[in-house]
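The primary structure of each chain is shown beneath.
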Amino acid sequence: SLTSKEPIDIFTHAQPLSFFLTKVHGISSDYNGAYTMSLRDILSESMGNLQESCQFNYMFEIPWLIQQYPTSFRQKPLLCVHGFQGGQKAGLEADARKFTNIKFCQAKLEMPYGTHHTKMMFLMYDNGLRVVIHTANLIERDWHQKTQGIWISPVFPKLKSGPSPTQGDSPTHFKRDLLQYVAAYKAYQLKDWQDHISRHDLSSANVFIVGSVPGRHMAEKKHWFGHMKLRKLLNENGPVKEQASKWPVIGQFSSIGSLGASKENWLSVEFLQSLATVKGTSSVPLAPVEFKLIFPTVDNVRTSLEGYPAGGSIPYSINVAKKQPWLHSYFHQWKSEGRGRNRAMPHIKTYCRPSPTWGEAAWFLVTSSNLSKAAWGALEKKGSQLMIRSYEIGVLFIPKYLVENAVFKCSSKVKEAGQKTFVLPYDLPPRAYTKSDKPWIWDIAHKELPDSNGNMWCPS
Ligand SMILES: O=C(O)c1c[nH]c2c(Br)cccc2c1=O
């Protein structure tokens, strides 16, 4: 059982799955203990003596970010990797002017409508390298009253031999795939971090990387990124057909892109085909697979801790929603009674394959990728190439690399969780929208019912 509240003890107690939610202000402390971390916790001295760090993200509040490091670490070299251009890039650099230890790397975004969504930390300690992959922007609001997901690696020790792209890899090829992801930036500012990674022993990594990099990926590269990487990983390491071909698939996210005029355009064929892949086949799923999507209702947002402003981070726009009414029949409410987070709106993105009895799961993915073709990729030219617009990254948990079973025992009831239970961010089974439920759409005004803070919502 958990004794102290020291971050390193929370970390140790959560091994080997090492999957956390961010602490939430304003809920019972019962739900801010085991399996939860704040940014200060992650960066704390108890987790390691920091030498330098690298923060990949989409949004940054520089002074707030520096404040989350312990005082003794605030002058250490910090590289911030972003996708901003023009005025936003200038604004970011201006905010960091007085912090002489901060450098920037602008990720190239050559595909229109692409963004740098990836949320990842490289933490170099005096005794090794730690990697964190998560879903929160480096802004206070993202760590205050939302549900966010975090995977934290062990501290990877330095290789006694010199740098190597292959030495110190894990059965999940974590080192190969992380180096491949970082190399895709082709950015000189990342060279030192590529070197750091190659000099460390990542053989204890027990999750797979599922990343996205902008571009038109062909031939073998088609399976390196996006939903085709997930398809490949599930083809090689997924559940066997006999066991899971009738199990449902869950998608949970905080934003949605244009998916086409009907489900066949992308969602239920191309995307679901990847998510429903079982070992040995990536052909069209034998029996139709149930696909359940978890996306907040207007009422979920209105009654949340933040109230309607929570919807400011759930950017589903009416112009996109009106083109795809067919999508909303897949939707389920945000419910997280087990984690005490019914009112902490999701900014986490997760995908998983639970059993029909909801007590087990064949795999679980936490990622920056929302439900969009920009993030996951869309096949082009008769499926010969995968077109991706944005940078994304997530980690895939496969039972046989983590527990002695072929499936995870899973539950959101954190108070009942055993050591080997996969503690979920939301309740299963998912709860369907009621007749009167509407999906949250951020540019629709709400002037009738006040939110939990007594305010209305008047987007301009
Ligand atoms: O990568 C992310 O996390 C996000 C990307 N785009 C956003 C927009 Br557009 C509006 C509000 C919030 C977000 C956001 O949180």
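Conventions used here
Residues numbered from 1 in each chain as written. Predicted model: local features only at pLDDT ≥ 70, side-chain atom pairs only at ≥ 80, totals over all residues. Heavy atoms only, no water. Helix = DSSP H or I, 4+ residues; strand = E, 2+ residues; numbered from the N terminus. Rg over C-alpha atoms; globule rule 2.2 N^0.38 Å. Buried < 20%, exposed > 50% of the residue type's maximum accessible area, 1.4 Å probe, protein only. Contact = heavy atoms within 4.5 Å. Salt bridge = Lys/Arg side-chain N within 4 Å of Asp/Glu carboxyl O. Polar contact = N/O pair within 3.5 Å; in protein donor to acceptor, adjacent residues only side chain to side chain. Core = buried A, V, L, I, M, F, W, Y, C linked by side-chain atoms within 4.5 Å. Near = heavy atom within 4 Å. Areas by Shrake-Rupley, 256 points an atom, 1.4 Å probe, with all protein chains shown as cover. Nonpolar A, V, L, I, M, F, W, Y, C, P; charged D, E, K, R; others polar. Pairing = 2+ DSSP bridges. Axes fitted to C-alpha atoms, helices over the stretch in contact; angles between N-to-C directions.

S.K.: What exactly am I supposed to notice about the overall build of the protein here?
M.R.: Secondary structure summary: the protein contains 12 helices and 22 strands in total. By the compact-globule yardstick of 23 Å for 460 residues, the protein fits well, its C-alpha radius of gyration being 21 Å. Expressed along its principal axes, the backbone C-alpha trace of the protein runs to roughly 60 × 55 × 50 Å. Per-residue burial over the protein gives 60% buried out of 460 residues. Long-range contacts, defined as pairs at least 24 residues apart, comprise 75% of the intrachain contacts of the protein with a sequence gap of at least 6.

S.K.: Whenever I open this one, the pattern of salt bridges confuses me. Can you help?
M.R.: All told, the structure shown has 12 salt bridges when counted by the stated rule. The partner of Glu306 in a salt bridge is Lys146, with the nearest N and O atoms 3.0 Å apart. Note that Glu306 is positioned in the loop between α10 (298-302) and α11 (318-321) and Lys146 in strand β8 (residues 146-147), a separation of 160 residues in sequence. Residue Glu306 is classed as buried on the basis of its relative accessible area of 12%. Taking relative accessible area as the criterion, Lys146 reaches 2% and is therefore assigned buried.

S.K.: In this structure, what is going on with the side chain of Asn101? I would like to understand it.
M.R.: Looking at where Asn101 falls in the secondary structure, it is placed in the loop between α4 (86-95) and β5 (102-106). A distance of 2.7 Å separates a polar atom in the side chain of Asn101 from the backbone oxygen of Lys76. Dropping the residues within four chain positions of it, Asn101 is found in contact with Arg74, Gln75, Lys76, Pro77 and Leu78.

S.K.: Just to check I follow, could you spell out the nonpolar core for this structure?
M.R.: Across soluble globular proteins, nonpolar side chains show a tendency to be buried alongside one another. Counting 108 residues, the largest nonpolar core has Phe122, Leu267, Leu327 and Phe397 as its most contacted members. It is strand β17 (residues 360-367) that provides the largest number of residues to this core, a total of 6 residues. What Phe397 contacts, discounting residues up to four positions off in sequence, is Leu17, Phe19, Trp151, Val207, Trp363, Phe364, Val366, Leu402, Phe408 and Phe422. By size, the runner-up hydrophobic cluster in this structure holds 42 residues, among which are Phe99, Met121, Ala136 and Leu138.

S.K.: What's the story with the site of the ligand in this structure? I'm lost.
M.R.: What surrounds the ligand is the set Tyr58, Met59, His117, Lys119, Asn137, Gly312, Ser313, Pro315, His347 and Trp442. Contact distances for the ligand include 2.9 Å between an oxygen atom and a side-chain N or O atom of Lys119. Asn137 is positioned such that a nitrogen or oxygen atom in its side chain is 2.9 Å from an oxygen atom of the ligand. Expressed as a share of its isolated accessible area of 360 Å², the protein-covered part of the ligand is 79%. Its residues placed into classes, the shell around the ligand shows 4 nonpolar, 5 polar and 1 charged.

S.K.: Just to check I follow, could you spell out helix α9 (residues 267-275) for this structure?
M.R.: Each full turn of the α-helix corresponds to 3.6 residues, which orients residues three or four apart in the same direction. Most of α9 sits out of view: 7 of its 9 residues are buried. Those residues of α9 that fall on the buried side of the exposure criterion are Leu267, Glu270, Phe271, Leu272, Gln273, Ser274 and Leu275.

S.K.: Any chance you could explain the sheet that holds strand β18 (residues 378-380) here in plain terms?
M.R.: Spatially, 3 strands are ordered β11-β19-β18 in an open sheet, and the strand pairing comes out antiparallel. The open sheet terminates on both sides in strands that have one partner only, identified here as β11 (215-218) and β18. Taken over all neighbouring pairs, the strand axes of this sheet differ in orientation by 35° on average, direction set aside. As paired elements, β18 and strand β19 (residues 385-388) share 3 bridges and run antiparallel to each other. Bridging across to β19, Ala378 finds its partner in Met387.

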